[in-house]
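Residue-level structural notes
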Amino acid sequence: MTTPDALLRSLGVDSPDDIDLETIAWSCGLAVRYTSLNGCDARIVGMGDRGVLTVNSKQGLARQRFSIAHELGHWQLHRGRLTLCRAEEIEGSASEARGLEVDADRFAAALLMPRFLFEPAAAALDRKPPWTMVESLSSLFQTSLLATALRVIALDLWPGWLVCHTRTGRPFAFKAPTAEDVGRPMIAVDYRSGAFDILHAGASVVRSRQLPGDAWFSGAQRRIATEHSRAYSPDRALTFVRLD
Ligand SMILES: [Zn+2]
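Thresholds applied
Residues numbered from 1 in each chain as written. Predicted model: local features only at pLDDT ≥ 70, side-chain atom pairs only at ≥ 80, totals over all residues. Pairing = 2+ DSSP bridges. Helix = DSSP H or I, 4+ residues; strand = E, 2+ residues; numbered from the N terminus. Axes fitted to C-alpha atoms, helices over the stretch in contact; angles between N-to-C directions. Buried ≥ 20, exposed ≤ 12 C-beta atoms within 10 Å, placed from the backbone. Contact = placed C-beta atoms within 7 Å. Core = buried A, V, L, I, M, F, W, Y, C linked by C-beta atoms within 7 Å. Domains from an automatic or database assignment.

**Brief notes about the sheet that holds strand β9 (residues 236–243)**
- Ordered in space as β6-β5-β9-β8-β7, the five strands form an open sheet in which the pairing is antiparallel. Looking at strand neighbours, the two that pair on one side only are β6 (172–175) and β7 (207–212), the edges of this open sheet. Sheet twist, expressed as the average angle between the axes of neighbouring strands with direction ignored, equals 25°.
- The pairing of strand β5 (residues 161–165) with β9 spans five bridges and is antiparallel. Of the residues in β9, the one forming a bridge with C164 is L238.

Right, here's the structure in full:
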């Protein structure tokens with residue numbers, strides 16, 4: 001199995017602009033084709049070591065790139081086990097159980113935002129607020145805000161949590177490796193949080209504030225939390241939060 005890093009290095013990739021997915025796919029034996037698909041984002045029809053990767057042209061660019069990278073992950077990791085799937089970024093706790101899909105998502109994240117390019121790019125943005133950093137990185141790497149924010153957390157570039165809330169629950173919460181462990185964030189969004197304003201009052205700009213720690217973590221009374229919330233889709237708020 002070729003790792004995403006090995007694949008990129010073998011092609012001489014040394015900047016985000018060089019991550020040309022058609023070339024990478026070709027080097028793995030796949031031709032990429034764009035067409036409108038119904039009911040799935042991408043699929044591979046393969047025979048032996050060659051195949052055609054079809055991606056849904058109705059999706060936006062970042063989504064198409066993630067879908068191609070996700071399918072490449074299946075091709076490299078699970079060949080012969082899957083030929084058709086719905087490529088998705090992590091969209092909820094239900095996806096945590098889907099092992100093959102999670103593997104393909106991890107492969108995609110590492111291919112599109114390789115550590116050896118992502119970390120220096122993030123370091124150059126050091127001390128910027130997290131959503132400013134994520135917006136810059138997302139345009140540099142041509143990835144969605146969600147995929148980019150998840151990568152920032154996974155690579156420990158912002159030592160806190162990334163939490164998704166809806167009006168009625170918390171579809172997912174991910175912790176950076178070195179973030180302080182005080183239990184998982186609250187399921188219900190707290191009325192003092194900027195995420196609440198986004199979900200219940202339609203606030204559309206990034207909301208950054210400091211508030212009592214127990215708005216986010218039940219065991220964090222007498223602590224202060226810093227949060228940065230933004231709307232993600234019409235009914236979701238994403239928040240970077242950590243205790244000071
Ligand atoms: Zn898949």
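There's more to say after this.
**What about helix α8 (residues 194–201)?**
- Of all eight residues in α8, six are buried, a share of seventy percent or more.
- For α8, every residue scored as buried is listed here: G194, A195, F196, D197, I198 and L199.
- Buried residues in α8 make contact with β5, β7, β8 (224–233) and β9.
- Phi turns positive one or two residues past the end of α8, at G202, with a value near 70°.

**Description of the nonpolar core**
- Counting residues in each nonpolar core, the largest one holds 57 residues, and the members touching the most others are I68, A69, A108, L112, A149, V152 and L162.
- Among the elements that make up this core, the one with the highest residue count is helix α4 (residues 99–112) (seven residues).
- Formed jointly, this core draws a minimum of three residues from each of two domains, domain 1 (4–112) and domain 2 (159–243).
- When residues no more than four places from it in sequence are discounted, the contact partners of A108 are F66, A69, H70 and G73.

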